[in-house]
Every structure is written in C-alpha cells, then in structure tokens.
Amino acid sequence: MEITKLKAAENQLNTGIELFFTSPDPVSPYTLIHAAHEILMNIGRTRGVESHIKEKFLRMIVPARRKEFLRKINAAPNFFKHAGRDPSTTLEFKPEQIEFLAWDACIMFRDLIRRESHQTIIFKSWFYMKNSDLITDSGLAAKYSSAAKNIRIENKKDFYEDFLRTLMGI
C-alpha cells in the first residue's frame, strides 16, 4: 500500500477526532492528532501554512521563554512516545489540550488540502460551539455552529454521531 504523508495525516486526524468523540480514553486520540499535527506542520512549512499554536503564537512568546513554552506543549506527546530516559515517571496530563491541538490540525489540514472531512467539520463545529466565548470572529463561529444548530454539545459521542448522520444525509 502506497500512501502520501498528507493522506497519513488525514487518516490520523480523522481517526483521532472520531476517538476524541467516541472513546473515554484521551491518550489515543491525542497521540493520533499530535502525529497528524506534526506532519501537517512540517508540510505546511514548505507551503506557507503555519500552526497557530506552535508557530504563530510562539512568535508572541518572549524569545527567552520560547524553549520553556515548547517544552510544556510537547511534554504530553513526548511522554506518550518515549520511555528511554524515564520509564517510571508519570505525567499530569490535561485532556483539554486535545481540543486546541485538534483545532489547529483541522485548520492546517483545510489550508493544505483545500477541503474538509466530515470529522474536521464536526470537530470545528463542536469546538466553536463549546468555545464561543473565546472566538472573536462571530461569523466563523456562526458558520460552523449553524450546521449543528439542533445538536446539543453536552454529550460528545451523541454530538458526533448525530452530526455525522446529518452530514451523510441519513
């Protein structure tokens, strides 16, 4: 089976989003979404597409503190991938980190591929509805939340399944 890096990132992102909504485990979706994010960020650098979190926002951090910032945001993915130096250590993982990482990956995916998958549409709609108090672009928030106007966001699994049925016309 031949696969491109972008297709691998798309598969990881879509599966990670599906797990985010349907699985009680936060580690697996985070790991998949982070893997996709890394591929999208690396390809994006060659095509003028930047990560909001790891590139655009990083430039707003005081230069002397950038390594500290990156160390903090990379702590979970490094912990989930490596055990060579510290096999018995623990991590205080904050599952809400997944939300912002997935949002960033969805934006890069759209900007690189020029389309959205069902999973990225569902995730962005949920994200904008859940975080409407954080979003300054009310038009953007309205665009995604209008697609899910009759779907409640309280139960992530139900939201995902109901919205997916709506998108597929079932």
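Our subject is the structure that appears above.
Summarised in this report is the structure supplied together with it. Since the structure is predicted, the reported quantities are computational estimates derived from the model, not experimental observations.

In terms of regular secondary structure, the protein chain is built from 8 helices and 0 strands. Its helices and strands in sequence order give the protein chain the pattern α-α-α-α-α-α-α-α, from N to C terminus. For 170 residues, the compact-globule formula gives about 15 Å, and the C-alpha radius of gyration of the protein chain, at 17 Å, lands near that figure. Dimensions of the protein chain along its principal axes, counting C-alpha atoms only, are 50 × 40 × 35 Å. Relative to its full complement of 170 residues, the protein chain shows a buried share of 36%. With the model as given, the accessible surface of the protein chain reaches about 10100 Å², and the carbon-plus-sulfur share is 54%. Taken together, the 26 basic and 21 acidic charged side chains of the protein chain have centroids lying 5 Å from each other.

Size it by volume and the second largest pocket reaches roughly 210 Å³. Lining the second largest pocket are Asn74, Ala75, Asn78, Phe79, His82, Ala83, Gly84, Arg85 and Asp86. For the lining of the second largest pocket, a count of residues per class yields 3 nonpolar, 4 polar and 2 charged.

Where helix 1 (residues 5–22) meets helix 5 (residues 97–113), the closest approach of the two axes is 11 Å, and the angle between their N-to-C directions is 145°. When the axes of helix 1 and helix 5 are compared, the crossing they make is left-handed. Here Leu6, Glu10, Leu13, Ile17 and Phe20 of helix 1 lie close against helix 5, whose contacting residues are Ile98, Glu99, Ala105, Cys106, Phe109, Leu112 and Ile113. Of the residues belonging to the contact of helix 1 with helix 5, the class tally is 10 nonpolar, no polar and 2 charged.

Thresholds applied
Residues numbered from 1 in each chain as written. Predicted model: local features only at pLDDT ≥ 70, side-chain atom pairs only at ≥ 80, totals over all residues. Heavy atoms only, no water. Helix = DSSP H or I, 4+ residues; strand = E, 2+ residues; numbered from the N terminus. Rg over C-alpha atoms; globule rule 2.2 N^0.38 Å. Buried < 20%, exposed > 50% of the residue type's maximum accessible area, 1.4 Å probe, protein only. Areas by Shrake-Rupley, 256 points an atom, 1.4 Å probe, with all protein chains shown as cover. Lys, Arg positive; Asp, Glu negative; His and termini not counted. Charge placed at Lys NZ, Arg CZ, Asp CG, Glu CD. 1 Å grid on protein atoms, 1.4 Å probe; cavity = no way out; pocket = protein on both sides within 12 Å on 5 of 7 lines; lining within 4 Å. Points joined across faces, edges and corners; volume = space filled by probe spheres on them. Nonpolar A, V, L, I, M, F, W, Y, C, P; charged D, E, K, R; others polar. Axes fitted to C-alpha atoms, helices over the stretch in contact; angles between N-to-C directions. Left-handed = near helix turned anticlockwise from the far one by under 90°. Contact = heavy atoms within 4.5 Å.

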